[in-house]
Amino acid sequence: MKTLRLVLVLLILITTVIVVRHNFANDNHNGKNSDLDKDEGRCHAMKKAYEPLSFIDQKYKEKGDFKFVIDSQKVAETKALISNHQLVDLQRQLVAADMLYQQVLGLTAPLDKPRYQRANYIKVIMALIDGNGLSYDEVTADKALDTLDCNISMKLKATLKATNGTPAHELFHMYQNSYFMFKNRWLTEGTAQWSESLLNKGLGKRISASLPQNLEELEATMQLSYNASAMWTRLFQLVDEKKEFNIPRSIKATAYTNGDSIIKDNKAYGTSFIKVLFEELEAQSKQASSDNGWDTYNWKERDQKSAASNNVYIWRAVQNAVNKTVPVEQQSEELKHFINISL
C-alpha cells in the first residue's frame, strides 16, 4: 500500500513538471518574455498559406513591419495584376500613416500593445476581393511555419492604388483593435474615416453642424457607420480647436512613385484628443471584460459588435475623455448638452 502511494505521488510530480515545462515553452516559443500576461492575444495557427511578394523601394528598403503576400487562391491571376510601383506606393502610404498615428496622434504601435505582443509583423494580403480592403483582429500564423509566422493582417484588393487611402484606413483599424475590443461601427468606421483627413487635403469630408443634443439624436448617430465621422469631426473641432499638426520631418516630403505627396496638408481636428479617447476606450474595454467575466482580449465576435452592451461603455469613455480634455467651465453649451446625455 505504501509502495502504491509512493508511485502515485511520483506520477503526480512528474506530470506537474511536464505541464510546467510545456507552459513555459509555449510562453517562449516566439522569443518573447515568458512573464507576459497569460490573457494576451493568442497566436492562432491557420491552414491557409500565402506567397510572399518581393519588391524594391530604396526609401524604405529596411522597413520590415509590413510584409506583402498573395492570397493562396488564384495566385497566378492575382500576381498578374500587381506591379512593383503599386507595392511601393502601398507601403509608402502605410509607413506614412504609421508615423502619423504614432508621432502626431501619440498612439502606441499595435505590435507594441499587449494584445499583439505575439505578433512579429503586419501582413498585407493582396487578393481578388469585392471591396477595397479589410483588416483582421486576431494574431495568426501559417500552420506550416508555426509561431515564427505570428502576425496581424489586412487584405487589400489586388488592383488597389494607394491614392484612395484604404491602406491607412485599414491600419487605423489595427490601432483600434490593439486598444479596445469594441467593434461598433459608429465608433470604428466613424473614426477610421476621420483618420483619412490626416493624409487628405482639408479637415474631413463632412463635419456635422451640431453634436447630438438629446438621447434620440445620439442613438440615431450610434446606428451609423462611416457617416458617423461627421459627428466625430465636429466633436474633435469643439474639444481641440487646433486645426494644424506638425508633419514629422522623416515623412514630410514622402511621395508616391508618380511624385504626388502622400500627406496632402497638415490640417485636421482632434490630433491631440484621439490619444485621450483611445486610452479611455481601452480602460472601458477592460472594465467591460471584468464586468462580464470575459478574457481581456478574447471576446466572442457577437459581444464585440453588441450595441446593447458596448455603447454604454463607449459613451462613458467619450464623456471621460471630453471632461479630461476640456474643463467643465470651458465647455460650450453644445458640448455640455452632448456629454450630459444619459444612455
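Residues numbered from 1 in each chain as written. Predicted model: local features only at pLDDT ≥ 70, side-chain atom pairs only at ≥ 80, totals over all residues. Heavy atoms only, no water.

## Quick notes on helix α4 (residues 166-179)
Turning to step 1, where the next piece is worked out: Taking 1.5 Å per residue as the helical rise, α4 with its 14 residues ought to reach 20 Å, and the 20 Å between its terminal C-alpha atoms agrees with that figure.
Turning to step 2, where the next piece is worked out: With respect to burial, α4 is a largely interior element, 14 of its 14 residues being buried. (Helix = DSSP H or I, 4+ residues; strand = E, 2+ residues; numbered from the N terminus. Expected span 1.5 Å × (residues − 1). Buried < 20%, exposed > 50% of the residue type's maximum accessible area, 1.4 Å probe, protein only.)

## Quick look at the packing of aromatic side chains
Turning to step 1, where the next piece is worked out: Counting across every chain of the model gives 15 aromatic pairs.
Turning to step 2, where the next piece is worked out: Plain terms: the ring middles of Phe-172 and Trp-194 are 6.2 Å apart, the flat faces sit at 65° to each other, and that makes the pair edge-to-face. Within this pair, whereas Phe-172 is found in helix α4, its partner Trp-194 is found in helix α5 (residues 185-195), the two being separated by 22 residues in sequence.
Turning to step 3, where the next piece is worked out: Judged by its relative accessible area of 0%, Phe-172 falls in the buried class.
Turning to step 4, where the next piece is worked out: Taking the relative accessible area as the measure of exposure, Trp-194 reaches 2% and is therefore buried.
Turning to step 5, where the next piece is worked out: The lysine or arginine in question, Lys-59, covers the ring of Tyr-60, its NZ or CZ lying 5.7 Å from the ring centre.
Turning to step 6, where the next piece is worked out: Looking at Lys-113, its charged tip hangs above the ring of Tyr-179, at a distance of 3.9 Å from the centre. (Phe/Tyr/Trp six-rings, centres within 6.5 Å; stacked < 30°, edge-to-face > 60°. Lys NZ or Arg CZ within 6 Å of the ring centre and 35° of its normal.)

## Examining the pattern of salt bridges
Turning to step 1, where the next piece is worked out: Overall, the coordinates contain 16 salt bridges when judged by the stated rule.
Turning to step 2, where the next piece is worked out: Lys-123 is the salt-bridge partner of Asp-149, the closest N and O atoms lying 3.7 Å from each other. Linking Asp-149 in the loop between β6 (139-142) and β7 (151-157) with Lys-123 in strand β4 (residues 121-127), this pair joins segments that are 26 residues apart in sequence.
Turning to step 3, where the next piece is worked out: Since its relative accessible area comes to 8%, Asp-149 is described here as buried.
Turning to step 4, where the next piece is worked out: Here the residues in one salt-bridge network are Arg-115, Asp-137, Lys-183, Glu-301 and Lys-305, joined through shared partners. (Salt bridge = Lys/Arg side-chain N within 4 Å of Asp/Glu carboxyl O.)

## Here we look at the state of the cysteines
Turning to step 1, where the next piece is worked out: In total, this model carries 1 disulfide according to the counting rule given.
Turning to step 2, where the next piece is worked out: Disulfide partner of Cys-43: Cys-150, at an S-S distance of 2.0 Å. Taking the torsion about the S-S bond as the criterion, the Cys-43 to Cys-150 disulfide, at about -110°, is left-handed. Residue Cys-43 is located in strand β1 (residues 43-46), and its partner Cys-150 is located in the loop between β6 and β7; the two are separated by 107 residues in the primary sequence. (Disulfide = S-S within 2.5 Å.)

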